[in-house]
Amino acid sequence: MSGTPAQDAPRYPMERGTCPFDPPEPLARLRADRPVTRVTLWNGRPAWLVTRYADVRAVLSDPRISADARHPDFPQLGPGRISRPDQQPSFIVLDDPEHSRLRKMLISDFTMRATASLRPAVEAIVEDLLDAMAAGPRAADLVQAFALPLPSLVICRLLGVPYADHDVFQHLSTRLLTFTADRGEVARASDELRGYLRDLVRSKIAAADPGDDLLGRLVVRRVRTGELEVEEAVSMASLLLVAGHETTANQIALGAMVLLQHPEQAAAIRDADDPAVVANAVEELLRLLTIVHNARARIALEDVEIGGVLIRAGDAVLPSGETANRDPGAFPDPDRLDIHRAARHHVAFGYGVHQCLGQPLARLELQVAYPALLRRFPDLRLAAPVGDLTVRADKVVYGVAALPVEW
């Protein structure tokens, strides 16, 4: 089966529509009519956009389709995403065996057991933030008061990064994750963040006691033994710091916004005695929103057939998680929020060997955050129409710039 002619290929990424919760409308039509189709990237390069659930999982689990951003023809979704040969890449844009070698060094800190041990600390942070909200005016920006500081405090605690510096790394991560930023702007932000983390890693190497945190343990077990280079540790720290607060912060805010539009389902979370109800609701919110909203870039190393379409070696491939998670073949009535739906098979955290390492921590934070917020403020409501909110869709992780609420 042949692909769509290049001259008919729409531009990708596409602009989101008027509803901040939904993917761009043309994507649903493509999924129905042309599930594996040609699109055109910002620089005119053609790519295969894959939109159906089964096909997306097939792409993400096929070793013939590479995530290695160092490949000379690797596709990028914006000018600032181009790989730098002078910089140690994150393991999420490497293939095995390099990917698995580095990832395995972190797995022990993100097991279910290790994550569960953090629950008391996460609960304490949540209660402190809600106490501060309750003590102030009966209105707040939920992003700044709750959604952003919660994962920032948690990831700083986990890594051993001083939270006092959060303004610095939050500003830098925003620049790093913006598709429309030019290559120079992204490079400067990356260099600044890595310089900050390099100094932190080196201070732990020099310290008699590097600390009982992830970076401290990494220094003792891997860097000092020669198993891990300093720049590899810096790359790991950068990935975990940026991903660890940007993703969860946006998910908390957008999830709260969705729930406030569905008061009966919000009440079910608020009043749930069974933790499984909350856990299931979190999976549905992850599926519905899919905040890593644009496709994950890949390149075919060999000829491979996906969804009946022959993709040639060297072709760019873009598996779209946000359309996969709205595929009616995998999730009946997929545009509707249903917190009782069995949705854990979603691909919001990716799929295959590159699926998100930190997903147990993200789930924990969300499972603590939503019911605590709704119980503390049972009359919580939006203080501005959804249509008036600024949706930041030009970033790797989409969300709202601010979420005014009152109670």
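Rules of the game
- Residues numbered from 1 in each chain as written.
- Predicted model: local features only at pLDDT ≥ 70, side-chain atom pairs only at ≥ 80, totals over all residues.
- Heavy atoms only, no water.
- Buried < 20%, exposed > 50% of the residue type's maximum accessible area, 1.4 Å probe, protein only.
- Helix = DSSP H or I, 4+ residues; strand = E, 2+ residues; numbered from the N terminus.
- Pairing = 2+ DSSP bridges.
- Contact = heavy atoms within 4.5 Å.
- Salt bridge = Lys/Arg side-chain N within 4 Å of Asp/Glu carboxyl O.
- pLDDT = per-residue confidence, 0-100.
- Core = buried A, V, L, I, M, F, W, Y, C linked by side-chain atoms within 4.5 Å.
- Phe/Tyr/Trp six-rings, centres within 6.5 Å; stacked < 30°, edge-to-face > 60°.
- Axes fitted to C-alpha atoms, helices over the stretch in contact; angles between N-to-C directions.
- Parallel < 35°, antiparallel > 145°, perpendicular 65-115°, else oblique.
- Left-handed = near helix turned anticlockwise from the far one by under 90°.
- Nonpolar A, V, L, I, M, F, W, Y, C, P; charged D, E, K, R; others polar.

1. Focus: the pairing of strand E8 (residues 316-319)
Burial along E8 is two-sided: the face carrying Ala316 and Leu318 and the face carrying Val317 and Pro319 are both buried. Two strands pair when backbone bridges link them, and strand E2 (residues 46-50) and E8 are joined in this way by 3 bridges, in the parallel orientation. By the bridge assignment, tryptophan 48 is partnered in E8 with valine 317. By the bridge criterion, 2 bridges tie strand E5 (residues 298-300) to E8 in an arrangement that is antiparallel. Paired with isoleucine 299 across the strands is alanine 316, a residue of E8.

2. What to know about helix H10 (residues 214-223)
For an α-helix, the turn length of 3.6 residues means that residues three or four places apart are oriented alike. In terms of burial, H10 is largely enclosed, as 7 of its 10 residues are buried. Among all positions in H10, only Leu214, Leu215, Gly216, Arg217, Leu218, Val219 and Val223 are buried. Next to the buried residues of H10 lie helix H7 (149-159), helix H9 (183-206) and helix H11 (230-260).

3. Considering the pattern of salt bridges
What the rule picks out here adds up to 25 salt bridges. We note a salt bridge from glutamate 284 to arginine 287, for which the minimum N-O separation is 2.8 Å. In this pair, glutamate 284 and arginine 287 both sit in helix H13 (residues 275-289), 3 residues apart, roughly one turn of the helix. On the basis of relative accessible area, glutamate 284 is assigned to the buried category, the value being 0%. Where arginine 336 meets aspartate 338, a salt bridge forms, and the shortest distance between an N and an O atom there is 3.8 Å. One connected set of salt bridges, linked through shared partners, spans Asp22, Arg326 and Asp335.

4. Focus on the confidence of the model for the protein chain
Counting all residues, the mean pLDDT for the protein chain is 93, and 97% of those residues have values of 70 or more. In the predicted structure, residues 1-5 sits below a pLDDT of 50 and forms 8 contacts with residues beyond four places in sequence or in another chain.

5. Notes on the nonpolar core
Counting 98 residues, the largest nonpolar core has Phe146, Leu150, Val161 and Leu403 as its most contacted members. Here this core takes 17 residues from H11, the largest share from any one element. Setting aside residues no more than four positions away along its own chain, leucine 150 makes contact with Val122, Ile125, Val126, Leu129, Ile252, Glu365 and Ala369. Val50, Val304, Val309 and Phe331 belong to the second-largest nonpolar core, a separate cluster that totals 19 residues.

6. Digging into unusual backbone geometry
That bond from tyrosine 12 to proline 13 is cis: its omega, 0°, falls within 30 degrees of zero. Relative to the assigned elements, proline 13 resides in the segment before helix H1 (25-33). Of note, the bond from aspartate 96 into proline 97 is cis; its omega dihedral lies within 30 degrees of zero at 10°. Tracing the backbone shows proline 97 in the loop between strand E3 (65-66) and helix H3 (98-104). We note that threonine 290 has phi near 40°; this positive angle belongs to a residue other than glycine. With respect to the helices and strands, threonine 290 occurs in the loop between H13 and E5. The backbone of aspartate 333 sits at a positive phi, close to 50°, despite the residue not being glycine. On the secondary structure map, aspartate 333 appears in the loop between helix H14 (321-324) and helix H15 (359-376). A relative accessible area of 44% means that aspartate 333 is categorised as partly exposed.

7. Some points on the packing of aromatic side chains
For the coordinates displayed, the defined rule picks out 2 aromatic pairs. The interplanar angle of 45° and the centroid separation of 4.5 Å between the aromatic rings of phenylalanine 377 and tryptophan 407 together place this pair among those described as tilted. You can see phenylalanine 377 sitting in the loop between H15 and strand E9 (381-382) and its partner tryptophan 407 sitting in the segment after strand E12 (404-406), a full 30 residues away along the chain. Overall, tryptophan 407 belongs to the buried group, its relative accessible area being 9%.

8. Some points on the packing of H7 against H11
It is at 8 Å that the axes of H7 and H11 come closest, and there the two elements cross at 155°. Taken together, the axes of H7 and H11 are roughly antiparallel relative to one another. H11 is crossed by H7, and the crossing has right-handed handedness. Of H11, the residues touching H7 (which contributes Leu150, Pro151, Ser152, Ile155 and Leu159) are Ala237, Leu240, Leu241, Gly244, His245, Thr248, Ala249 and Ile252. For the contact of H7 with H11, the class distribution of residues is 9 nonpolar, 4 polar and no charged.

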